[in-house]
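What the coordinates show
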Amino acid sequence: MKYPLLLIASLYLLFQQPASAQNSRLRTLEQELLAEGRALYVSESASWVATDLFLAKKPDMTSFTGYITYSDGDSLRTLFMYRDADSKALTIPYAFNFHRTAIRPEAARQSAARPASVREQRLFAIRERVEEELATHQVAGTSYRFPENTRPNIVLLENAKGVRAYVLVGPQTAGVLPIGNDFLLSFDTGGKLRTVERLHNSYLAMSPPENTERIEAGMHSHLPAHPYITPTDICSLLLYQDAFPAPQHIVMGREYVSIFDIQKQQLLLLTKKAFDKIYKK
């Protein structure tokens, strides 16, 4: 009988590894990375479903200026913004709400047209600032480059310290799992762009091998600057799991190995030393 690598590694930690400050730190980091990756995933899922619903209505695109998705308690809200040509005021003629556990077309609730709230105006201004930075690279200092047949997808996450704007690669061809060429732009509570961080140094478009009945696991490697799986990795693995149907994914770093169970949405971080011991046994 074959056992999942995540289960084997978890049992190894349980019975072989003594409690240590490092193990405690890794367990905490697992939860933080999972929470951020899941937040990205549900936000992008809501954006995908809402966009299909929006386009199905064949809307007038004359004054359309963009969209945002944000979390509101247990709900995800995707708003399609229109800007008045004279007053420049933002209005929302189309808005779709989802419970975070039911992001499906049939579960969407459409809201009535209304003006954008102060919070929504602030978030949309940050999205526009991200688009400006991608075009001008004033803060990054170097040009943002996106591979052919891809486009940047902007995902906004809020907390008490400000807004984290992730830029992910969205492939324009089917059957591809996009890994890399992603960025994190951090804004303070006043909406000022403070830092830009490149999360991967390259782009990998993963496709399943032909004539293979089952893929046991996918894998890619990280440089020392990012020793663990990133939230964007987790988001992409969940979003594109139909394109690359591997039950688990491994991220190999110089000192650490990340094992992500895609189906169960579980993450385990191991030292490279512990990972090597598992395979030796």
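Let me begin by describing the structure that accompanies this report. Keep in mind that what you see is a predicted model, and the values were worked out from it rather than measured.

Time to look at the overall build of the protein chain. The helix and strand inventory of the protein chain stands at five helices and 15 strands. Expected size for 281 residues packed as a compact globule is a radius of gyration near 19 Å; at 20 Å, the protein chain falls within 12% of this value. Along the first, second and third principal axes, the C-alpha atoms of the protein chain reach 70 × 40 × 35 Å. Burial analysis of the protein chain (281 residues in total) assigns 46% to the buried set. Considering only contacts in the protein chain between residues 6 or more positions apart, those separated by 24 or more positions represent 55%. With an accessible surface of roughly 14,800 Å², the protein chain has 52% of that area assigned to carbon and sulfur atoms. A gap of 6 Å separates the mean positions of the 32 positive and 29 negative side-chain charges of the protein chain.

Core analysis: the biggest nonpolar cluster contains 32 residues, and Leu33, Ile229, Ile234, Phe260 and Leu267 have the highest contact counts within it. For this core, the secondary structure elements donating two or more residues are α2 (21–56), β6 (150–159), β7 (162–171), β8 (177–180), α4 (231–239), β14 (256–261) and β15 (266–271). Every residue in contact with leucine 33, bar those within four places of it in the chain, is listed here: Tyr228, Ile229, Pro231, Ile234, Leu267 and Leu269. Grouped together as the second largest cluster of nonpolar side chains are 23 residues, Met81, Leu90, Leu134 and Val167 included.

Strand order in the open sheet made by the four strands is β12-β13-β14-β15, with mixed pairing throughout. Every interior strand has two partners, whereas the edge strands, β12 (217–221) and β15, have only one. Going from strand to strand, the sheet's axes swing by 15° on average, the running direction of each strand aside. By the bridge criterion, five bridges tie strand β13 (residues 248–252) to β14 in an arrangement that is antiparallel. Residue glutamine 248 lies in a different strand from β14, and its bridge partner there is aspartate 261. Sitting on the sheet, α2 touches β14 and β15, and the angle it makes with β15 is about 145°. Of the strands in this sheet, β13, β14 and β15 touch helix α5 (residues 272–280), which is tilted by about 100° from β15.

This part takes up α5. Along α5, the residues classified as buried are Ala274, Phe275 and Ile278. All buried residues of α5 fall inside an arc of 100° around its axis, so they share one side. Facing away from the buried side of α5, by more than 90 degrees, are the exposed residues Lys273, Tyr279 and Lys280.

Quick look at the packing of aromatic side chains now. The geometry of an aromatic ring pair is captured by the separation of the ring centres together with the interplanar angle, meaning the angle of the planes. Enumeration according to the criterion identifies 11 aromatic pairs in this entry. Look at phenylalanine 80 and phenylalanine 96: their rings are 6.2 Å apart centre to centre, the planes differ by 80°, and that puts the pair in the edge-to-face class. A residue pair is termed long-range when its members are at least 10 positions apart, and phenylalanine 80 in strand β2 (residues 75–83) and phenylalanine 96 in strand β3 (residues 90–99) qualify at 16 residues. For phenylalanine 80, a relative accessible area of 1% corresponds to the buried category. For phenylalanine 96, a relative accessible area of 3% translates into the label buried. Note on tyrosine 228 and tyrosine 256: the rings are 5.0 Å apart at their centroids and 50° apart in plane angle, and the pair reads as tilted. A residue pair is termed long-range when its members are at least 10 positions apart, and tyrosine 228 in the loop between β12 and α4 and tyrosine 256 in strand β14 qualify at 28 residues. Among the aromatic side chains, those forming a connected cluster through ring pairs are Phe54, Phe64, Tyr67, Phe80, Tyr82, Tyr94 and Phe96. A cation over an aromatic ring shows up here: arginine 127 above the ring of tyrosine 67, its NZ or CZ 4.4 Å from the ring centre.

Cut-off values and rules
- Residue indices follow the written sequence of each chain, beginning from 1 at its first position.
- Restriction of local features to residues with pLDDT of at least 70 applies here, the model being predicted, together with a cutoff of 80 or more for giving and counting side-chain atom pairs; totals for whole chains, interfaces and linings are based on all residues.
- Only heavy atoms go into the side-chain values, all of them from the structure, while hydrogens and water stay out.
- In this description a helix means any DSSP run of H or I spanning at least four residues, a strand means any run of E spanning at least two, and both kinds are numbered starting from the N terminus.
- For this measure, only C-alpha atoms enter the radius of gyration; the expected value for a globule follows 2.2 Å times N^0.38, where N is the number of residues.
- In this scheme, a residue with accessible area under 20% of its type's maximum is buried, one over 50% is exposed, and one in between is partly exposed, where area comes from a 1.4 Å probe on protein chains only.
- Any two residues having at least one pair of non-hydrogen atoms within 4.5 Å are treated as being in contact.
- Computed with the Shrake-Rupley method and a 1.4 Å probe, the accessible areas treat only the protein chains shown as cover for residues.
- Charged residues are defined here as Lys and Arg on the positive side and Asp and Glu on the negative side; His and the ends of the chain fall outside this count.
- In plain terms, the charge of a residue is placed at NZ if it is Lys, CZ if Arg, CG if Asp and CD if Glu.
- The term nonpolar core refers to a set of buried residues drawn from Ala, Val, Leu, Ile, Met, Phe, Trp, Tyr and Cys, joined through side-chain atoms within 4.5 Å.
- Between any two strands, pairing holds if DSSP finds at least two bridges.
- Axes, fitted as lines to C-alpha atoms, cover a helix only where it is in contact. Angles between the N-to-C directions of the axes lie from 0 to 180 degrees.
- Relevant arc is that of directions from the helix axis to the C-beta atoms, nothing else.
- Aromatic pairing here means that ring centres of Phe, Tyr or Trp (its six-membered ring) are within 6.5 Å. Orientation follows from the plane angle: under 30 degrees is stacked, over 60 is edge-to-face, and everything else is tilted.
- Both a distance and an angle decide whether a charge sits over a ring: NZ of Lys or CZ of Arg must be within 6 Å of the ring centre and within 35 degrees of the ring normal.

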